[in-house]
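# Observations on the model geometry
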Amino acid sequence: MSDDCIFCKIIAGDIPCSKVYEDDHVLAFNDINPKARIHVLVVPKTCFDRLHEAGDTHVGMLGRILVGVGRVAETTGITGSGYRVQFNQGRGAGQEVFHLHAHVTGGGSVPT
Ligand code: 5GP
């Protein structure tokens, strides 16, 4: 856990969130500033950020994020209508929180 990471604080329960799904490996919660009717963030419970620094030891955690994405899609009822999964990496890509997370958007028009 990083003291200055907002997602670590949410995972620790120090900052509230609207939880959608949780297991031993990930927490998924509604984005505070949704860009679509359904906009959920899937966050690994270990604080890791840069995909380009991932290696063999991260394979399990990365897979768990995608399993969490699937559970979120089922829970929010968007498997039929379709959904987008996005990882922003770096400020140039619009990343604001430097703790790896997948954006799951769906439930109508989904921004590109
Ligand atoms: P990024 O731009 O880093 O890929 O995405 C970070 C996302 O986290 C943004 O969509 C932003 O709205 C969301 N976010 C930032 N702070 C909070 C927070 O305290 N609670 C929740 N639920 N979402 C947050």
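Now for a quick tour of the structure. (Residues numbered from 1 in each chain as written. Predicted model: local features only at pLDDT ≥ 70, side-chain atom pairs only at ≥ 80, totals over all residues. Heavy atoms only, no water.)

## Observations regarding a nonpolar patch on the surface
Taken together, Leu66, Tyr83 and Val85 make up a surface patch of nonpolar side chains, about 260 Å² in accessible area. Residue placement: tyrosine 83 occurs in strand β4 (residues 83–86). (Patch = residues over 30% accessible without salt bridge, like charges linked within 9 Å, V, L, I, M, F, W, Y side chains within 5 Å. Areas by Shrake-Rupley, 256 points an atom, 1.4 Å probe, with all protein chains shown as cover. Salt bridge = Lys/Arg side-chain N within 4 Å of Asp/Glu carboxyl O. Helix = DSSP H or I, 4+ residues; strand = E, 2+ residues; numbered from the N terminus.)

## Focus: the pairing of strand β2 (residues 26–30)
The side chains of a regular strand alternate between the sheet's two faces. Most of β2 is tucked away, with four of its five residues classed as buried. Here strand β1 (residues 19–22) pairs with β2 via three bridges, running antiparallel. Residue tyrosine 21 lies in a different strand from β2, and its bridge partner there is alanine 28. In this structure, the hairpin formed by β1 and β2 is closed by a connection of three residues. (Buried < 20%, exposed > 50% of the residue type's maximum accessible area, 1.4 Å probe, protein only. Pairing = 2+ DSSP bridges.)

## Some details on the site of the ligand
The environment of the ligand is formed by 16 residues, the closest being Asp31, Glu96, Val97, His101 and His103. Valine 97 places a polar main-chain atom, nitrogen or oxygen, 2.8 Å from an oxygen atom of the ligand. In this structure, histidine 101 approaches the ligand through a side-chain N or O atom, which is 2.9 Å from an oxygen atom. Alone, the ligand offers 510 Å² of accessible surface; in the complex the protein occludes 89% of this. Put simply, the parts of the chain that give the shell around the ligand at least two residues each are α1 (6–12) and β2. Broken down by element, the residue count for the shell around the ligand peaks at three residues, all from α1. (Near = heavy atom within 4 Å. Polar contact = N/O pair within 3.5 Å; in protein donor to acceptor, adjacent residues only side chain to side chain.)

## Overview of the pattern of salt bridges
Counting across every chain of the model gives four salt bridges. A salt bridge links lysine 45 to glutamate 22; the shortest N-O distance between them is 2.8 Å. On the criterion of sequence distance, the pair formed by lysine 45 in the loop between β3 (38–44) and α2 (59–76) and glutamate 22 in strand β1 is long-range, its members being 23 residues apart. In this structure, glutamate 53 engages arginine 50 in a salt bridge whose closest nitrogen and oxygen atoms are separated by 3.2 Å. Since its relative accessible area comes to 49%, glutamate 53 is described here as partly exposed. On the accessibility criterion, arginine 50 (42% relative accessible area) is partly exposed. Beyond isolated ion pairs, a larger network of salt bridges with shared partners links Lys19, Glu22 and Lys45.

## Points about α2
In a regular helix each residue adds 1.5 Å, so 18 residues correspond to 26 Å; α2 covers 26 Å between its end C-alpha atoms and thus fits that length. Of all the positions in α2, only Met61, Ile65, Gly68, Val69, Val72 and Ala73 are classed as buried. Viewed along the axis of α2, the buried residues span an arc of 140°, placing them on a single side of the element. Set apart from the buried face of α2 by more than 90 degrees, the exposed residues are Val59 and Leu66. Among the structural elements, β1, β2, β3, β4 and β5 (102–106) are those in contact with the buried residues of α2. Immediately beyond the C-terminal end of α2, within one or two residues, lies glycine 77, with a positive phi of roughly 75°. (Expected span 1.5 Å × (residues − 1). Arc of directions from axis to C-beta. Contact = heavy atoms within 4.5 Å.)

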